[in-house]
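Structural features, examined
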Amino acid sequence: VSTGADATTQRPDKAFSWIEGAAHRRERAGLTRTLRPRQPAEVSSLNLASNDYLRLSRHPAVLEAATKAVRAWGGGATGARLVTGTTALHAELEQELADFCGAEAALVFSSGYMANLGVTTALCRPGTVIVADQHNHASLIDGYALSGAAVHTVPHCDVDAVERAVVAAASRRALVITESVFSVDGDLADLPSVADVARRHGAGLLIDDAHGFGVLGPAGRGSAYDAQLSSAPDVVVTLTLSKAAGSQGGVVLGPRAVIDHVLNNARPFLFDSGLAPACAGAALAAVRLMRREPERTASLRRVAARLVAGLRDAGLAVGDAKGAVISVGAPSAEAAVAWAEACRARGVVVAAFRPPSVPDRRSRLRMSVHAELSEADADRVLDVVTATQPSTGR
Ligand SMILES: Cc1ncc(COP(=O)(O)O)c(C=O)c1O
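These notes cover the structure that comes with them. Since we're looking at a predicted model, the values are computed, not measured.

Attention now moves to the site of the ligand. Around the ligand lies a shell of 15 residues, among which Gly 112, Asp 208, His 211, Thr 240 and Lys 243 are the nearest. Take His 211: an N or O atom from its side chain is 2.7 Å from an oxygen atom of the ligand. For the ligand, the protein covers 83% of the area, taking 390 Å² as the surface of the free molecule. In terms of residues, the shell around the ligand owes the most to one element, helix 5 (residues 112–123), which gives 3 residues. A class-by-class count of the residues in the shell around the ligand yields 2 nonpolar, 10 polar and 3 charged.

Below, the structure is given as structure tokens:
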């Protein structure tokens, strides 16, 4: 049998040789990423590069609940929940999340990324029109690409453009998809207006509240709750448990019929192992803490507002941040990385966001405020960020 190649043409070293060219191009554009060791918890620095907004990931009650969950249910979910069965813990977490966020029902996934892939592919198919904000997160973009739907991307936060797109969808099924708090600049979608437009034209609305959950609304019940949309029959919300809840996992919230449909159709639910028990236990404890101790959310919002005001007064190109996420424009990808390094050298850990993690190819310094930062900490962050800014950073 001929293999189609003789010994002289077999060059295993050639198979991935194209990668070298990609690495050179990446390097030249200042876009190379490397893994940096994470500082242990005991190292003191002002960390504004973590999504642990409420500082619950190490809360004793969260650690205790995660440990108890592992003892009761084991180190992993042991399979997809429709195959291995669902634990009482997962059911309790879903009930708690639905109740806290004001939705009829909830379904948890192994990550927020999977929840977004799952809900978009379950609700959309070729023939559906998706009307999507230009700044939507990669997990939503990947979801609508995978669904085969026709995608109409509208300019960022342009409600009139949303309306034109849903009108153009005419009799086709339409789903408007937006984040609540946009993950790069921390600015807010005008949810009441977007919901009104979607409703008037018979479209559904999917809100990714990854950065609103735990941060906005009473006690951190989220943006959809705050906008009185969480129990609406035409609204579906996704959350992640990896930010304010200090755990991992994703959530879809919505009317019972929608949740049942997602459970039956979302391939990332059907074919992915369930949320690990430790994460379910940790998240359940975290949501109960949010309910009991709303002052964490209040303190985060106060300190974030102070930092935004200070950055703006200092003349920096700060976005219209209303939650925990604050971004400041940088002149280039290299400048963003160097700026973040200079801050780190002075004990303030912030992130440099570069393409493809930004929606408009403009790099930024990105900070996320957490509930244990004091006002004095915010002032120190402000001093360091302004003192280290690149000369053309304004
Ligand atoms: C807006 C948004 N949606 C979804 C996700 C994905 O969540 P997870 O990290 O749980 O996969 C993120 C995470 O960065 C996000 O910012």
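After that view of the structure, there is still more to cover.
In this section: the packing of aromatic side chains. Tallying each qualifying case throughout the model produces 2 aromatic pairs. For the ring pair Phe 100 and Phe 213, a centre distance of 6.4 Å and an interplane angle of 75 degrees mean the geometry is edge-to-face. Residue Phe 100 is found in helix 4 (residues 88–101), and its partner Phe 213 is found in the loop between strand 6 (204–208) and helix 9 (223–226); the two are separated by 113 residues along the sequence. Exposure class is identical for Phe 100 and Phe 213. Each is buried. Plain terms: the ring middles of Phe 109 and Phe 269 are 5.5 Å apart, the flat faces sit at 65 degrees to each other, and that makes the pair edge-to-face. Of the two residues, Phe 109 sits in strand 2 (residues 105–109) while Phe 269 sits in helix 11 (residues 267–270), which places them 160 residues apart along the sequence. For Phe 269, a relative accessible area of 6% corresponds to the buried category. Sitting over the face of the ring of Tyr 225, Arg 221 holds its NZ or CZ atom 5.4 Å from the ring centroid.

Let us now look at the sheet that holds strand 3 (residues 129–133). Here we have 7 strands laid out as an open sheet, ordered 2-8-7-6-5-3-4, and mixed in their pairing. The sheet is open, and its two borders are formed by strand 2 and strand 4 (150–154), each paired with just one other strand. Within this sheet the neighbouring strands show an average axis-to-axis angle of 20 degrees, counted without direction. Of the strand pairs in this sheet, strand 6 and strand 7 (residues 235–240) are connected by 4 bridges, and their pairing is parallel. By the bridge assignment for strand 7, Leu 205 is matched with Val 235. With respect to the sheet, helix 4 is in contact with strand 2, strand 7 and strand 8 (250–254), its orientation differing from that of strand 2 by roughly 125 degrees. Against the sheet, helix 5 makes contact with strand 2, strand 5 (174–179), strand 6, strand 7 and strand 8, and its axis sits at roughly 160 degrees relative to strand 7, the strand it touches most.

For the rest of this paragraph, the subject is the sheet that holds strand 9 (residues 325–329). Read from one edge of the open sheet, 3 strands run 9-12-11, paired in antiparallel fashion. Each edge of the open sheet is held by one strand with a lone partner, namely strand 9 and strand 11 (351–353). Strand-to-strand twist in this sheet, taken as the mean axis angle between neighbours without regard to direction, amounts to 30 degrees. Looking at chain direction, strand 9 and strand 12 (residues 364–368) are connected through 5 bridges and run antiparallel. By the bridge assignment for strand 12, Val 328 is matched with Leu 365. Sitting on the sheet, helix 13 (residues 295–313) touches strand 9 and strand 12, and the angle it makes with strand 9 is about 10 degrees. Across the sheet, helix 14 (residues 333–345) lies against strand 9, strand 11 and strand 12, angled at about 40 degrees from strand 12, the strand it touches most.

How each quantity is defined
Residues numbered from 1 in each chain as written. Predicted model: local features only at pLDDT ≥ 70, side-chain atom pairs only at ≥ 80, totals over all residues. Heavy atoms only, no water. Near = heavy atom within 4 Å. Polar contact = N/O pair within 3.5 Å; in protein donor to acceptor, adjacent residues only side chain to side chain. Areas by Shrake-Rupley, 256 points an atom, 1.4 Å probe, with all protein chains shown as cover. Helix = DSSP H or I, 4+ residues; strand = E, 2+ residues; numbered from the N terminus. Nonpolar A, V, L, I, M, F, W, Y, C, P; charged D, E, K, R; others polar. Phe/Tyr/Trp six-rings, centres within 6.5 Å; stacked < 30°, edge-to-face > 60°. Buried < 20%, exposed > 50% of the residue type's maximum accessible area, 1.4 Å probe, protein only. Lys NZ or Arg CZ within 6 Å of the ring centre and 35° of its normal. Pairing = 2+ DSSP bridges. Axes fitted to C-alpha atoms, helices over the stretch in contact; angles between N-to-C directions. Contact = heavy atoms within 4.5 Å.

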